[in-house]
Amino acid sequence: NPASRSDFNQEISIGSAGNGHWNGFTFHTTSSGAVFVGTEIGSRMDPSHVPSNTVVLNTWQHFAYVYNSGTGRFYKNGVLLATKANSAPPSFDVLRIASGCCNPIHGGLDELRIWNTARTQAQIQSAMKLELTGSESNLVVYYNFNQGVANNNNAGITTLIDLATGIGGANN
């Protein structure tokens, strides 16, 4: 549910602490709502693949990126938007949401899921509006961002729980 857009806004990156922000999976937007997404800087999708107004202001949207056998697929609300040859996802030990190099996320983020198997379009469509338990087969990371109390000041909540592993991480 983005409230504003700027270049490198709405950034989510997954990689290794030693390889920097741009050497793993990255999703970020531009000021026009176009998207950069993929697993390696040289082969990820860019605004020529995922054009302006893909990210719409003040509207909840579901985005999914699937990598399988050398091909990345990017979905919005369960609909395939782009397909491109892409490098294999790296192993990761760091998950960044708007930290370090990029502008903060201006809006809401409801869930983040990482699977260790390629999800089909039918699987994406059937589960995209469902809250998971965290114990689903092949689910390796699941943040549902339900910590705290709705519509209250939750500034004291500094740990986000991964429901797939039960491990908490810094939320700052």
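These figures come from a predicted structure and were not determined experimentally.

Definitions and cut-offs
- Position numbers for residues start from 1 in each chain and track the written sequence from start to end.
- Only residues with pLDDT of 70 or above have their local features reported here, since the model is predicted, and side-chain atom pairs are shown and tallied only from 80 upward, although totals for entire chains, interfaces and linings are computed over all residues.
- Think of the side-chain values as coming from all heavy atoms in the structure, minus any hydrogens and water.
- For Phe, Tyr and Trp, where Trp contributes only its six-membered ring, two rings pair if their centres lie within 6.5 Å, and the inter-plane angle classes them as stacked under 30 degrees, edge-to-face over 60, or tilted in between.
- In this text, helices come from DSSP runs of H or I with a minimum length of four residues, and strands from runs of E with a minimum of two, each type numbered from the N-terminal end.
- For every residue, the accessible area (1.4 Å probe, protein chains only) is compared with the maximum for its type, and the residue is labelled buried under 20%, exposed over 50%, or partly exposed between those bounds.
- The rule for a charge over a ring is simple: NZ of Lys or CZ of Arg within 6 Å of the ring centre, and within 35 degrees of the ring normal.
- Two N or O atoms form a polar contact when they lie within 3.5 Å of each other; inside protein one atom must be a possible hydrogen donor and the other a possible acceptor, and for residues adjacent in sequence the pair counts only when both atoms belong to side chains.
- Should DSSP find at least two bridges between two strands, the strands are regarded as paired.
- Convention adopted: a line fitted to C-alpha atoms gives each axis, helices being fitted over their contacting stretch, and angles between N-to-C directions are expressed from 0 to 180 degrees.

*Asks:* I'd like a rundown of the packing of aromatic side chains, residues and numbers included.
*Replies:* Applying the stated criterion across every chain yields a total of 4 aromatic pairs. Ring geometry for Phe27 versus Phe63: centroids 5.5 Å apart, planes at 40°, classification tilted. One end of the pair, Phe27, is in strand E2 (residues 25–29); the other, Phe63, is in strand E4 (residues 63–68), with 36 residues separating them in the sequence. Each ring, one from Phe63 and one from Phe74, has its centre 5.7 Å from the other, and the planes form 10°; the classification is stacked. In this pair, Phe63 is assigned in strand E4 and Phe74 in strand E5 (residues 71–76), connecting sequence segments 11 residues apart. Since its relative accessible area comes to 26%, Phe63 is described here as partly exposed. One residue, Arg119, lies across the ring of Trp115, its end atom 3.7 Å from the ring centre.

*Asks:* Could you give an account of unusual backbone geometry, naming the residues involved and the relevant values?
*Replies:* One non-glycine residue, Ser69, lies in the positive phi region at around 50°. With respect to the helices and strands, Ser69 occurs in the loop between E4 and E5. One non-glycine residue, Phe145, lies in the positive phi region at around 55°. Looking at the secondary structure, you find Phe145 in the loop between strand E9 (139–143) and strand E10 (159–162). Overall, the relative accessible area of 25% leaves Phe145 in the partly exposed class.

*Asks:* Describe the environment of Glu136, and please don't skip the residues or the numbers.
*Replies:* Residue placement: Glu136 occurs in the loop between helix H1 (121–127) and E9. As a C-alpha pair, Glu136 and Ala164 span 28 residues in sequence and 8.0 Å in three-dimensional space. From its side chain, Glu136 meets the backbone nitrogen of Gly134 in a polar contact 2.9 Å long.

*Asks:* Lay out the sheet that holds strand E6 (residues 79–85) in plain terms, naming residues and giving numbers.
*Replies:* Think of a sheet as strands paired side by side through backbone hydrogen bonds, with each pair either parallel or antiparallel. With respect to topology, 3 strands assemble into an open sheet ordered E4-E5-E6, the strand pairing being antiparallel. Bordering the open sheet on either side are E4 and E6, each of which pairs with just one other strand. Taken pair by pair, the neighbouring strands of this sheet meet at an average axis angle of 20°, ignoring direction. Where E5 and E6 come together, 6 bridges link them in antiparallel fashion. Counterpart to Gly72 in the pairing with E6 is Lys84.

*Asks:* Describe in detail the pairing of E5, supporting the description with residues and values.
*Replies:* Pairing geometry for E4 and E5, over 6 bridges, is antiparallel. Bridging across to E5, Ala64 finds its partner in Tyr75. Two successive antiparallel strands, E4 and E5, enclose a turn made up of 2 residues, where Ser69 displays a positive phi of approximately 50°.

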